[in-house]
Amino acid sequence: MGHVTTERSLVLVKPDGFARGLTGEVIRRIERKGYRLVALRILTPTREMLGRHYAEHAEKPFFGELVDFMSSGPVTAIVIEGNQCVPGFRSLAGATDPTKAAPGTIRGDLGRDWGKGSTENVVHGSDSPESAAREMAIWFPDL
Ligand code: IDP
Ligand code: MG
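As the structure is a prediction and not an experimental result, all values here were calculated from the model.

On to the sheet that holds strand 4 (residues 123–125), then. Judged by pairing direction, the sheet is antiparallel, and its four strands sit side by side in the order 2-3-1-4 without closing on themselves. Edge positions in the sheet fall to strand 2 (36–43) and strand 4, since each has one partner strand and no second. Neighbour-to-neighbour, the strand axes of the sheet open up by a mean angle of 15°, direction not taken into account. Note: strand 1 (residues 8–13) against strand 3 (residues 75–81), six bridges, orientation antiparallel. In the strand pairing of strand 3, Leu12 is matched with Ala77.

Looking now at the site of ligand 1. Taken together, Lys14, Tyr54, His57, Phe62, Leu66, Arg90, Thr96, Arg107, Gly117, Ser118, Thr119 and Asn121 make up the full set of residues adjacent to ligand 1. In this structure, Arg90 approaches ligand 1 through a side-chain N or O atom, which is 2.8 Å from an oxygen atom. Coverage of ligand 1 by the protein amounts to 77% of the 530 Å² it exposes when considered alone. Split by residue class, the shell around ligand 1 holds three nonpolar, six polar and three charged.

Reading the values: rules and limits
- Residues numbered from 1 in each chain as written.
- Chains lettered and ligands numbered in written order.
- Predicted model: local features only at pLDDT ≥ 70, side-chain atom pairs only at ≥ 80, totals over all residues.
- Heavy atoms only, no water.
- Pairing = 2+ DSSP bridges.
- Helix = DSSP H or I, 4+ residues; strand = E, 2+ residues; numbered from the N terminus.
- Axes fitted to C-alpha atoms, helices over the stretch in contact; angles between N-to-C directions.
- Near = heavy atom within 4 Å.
- Polar contact = N/O pair within 3.5 Å; in protein donor to acceptor, adjacent residues only side chain to side chain.
- Areas by Shrake-Rupley, 256 points an atom, 1.4 Å probe, with all protein chains shown as cover.
- Nonpolar A, V, L, I, M, F, W, Y, C, P; charged D, E, K, R; others polar.

This is a description of form; function is not addressed.
Dropping the structure here:
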């Protein structure tokens, strides 16, 4: 028997996806892929949470608009689990820019340019297991 690695990732259905009623579609794709749902909550994030979540982007020119967008309404925060689910969900999500994201991906199928200051692209997914652990502490402090 090899050792068991249970990887977790933090997924967000962003305010655009939540407002458009796409939470179920995102969850459907996660479950169909075979990842398990570990935790889920709906909340409107505070600017303080988003400052921590997006700390790596604090000096970027789009940071203010990103925080405005992400705090504009409810999001669905989800912890998923399964071997390699961090890169696996990034693959399901597709490229950051929804105009360029490949058809078949969440962003490619469900996202588009709405002419807003921030890139509205339906979902967030952790980019490494270390990021996932850091982000889960923000969104699920009791997990
Ligand atoms: P990711 O979500 O694919 O990991 P990041 O580069 O980490 O992409 O950027 C975080 C989020 O910030 C993106 O998902 C998008 O919503 C927004 N964003 C990224 N780059 C830009 C930009 O150049 N202009 C406006 N918003 C951006
Ligand atoms: Mg990122």
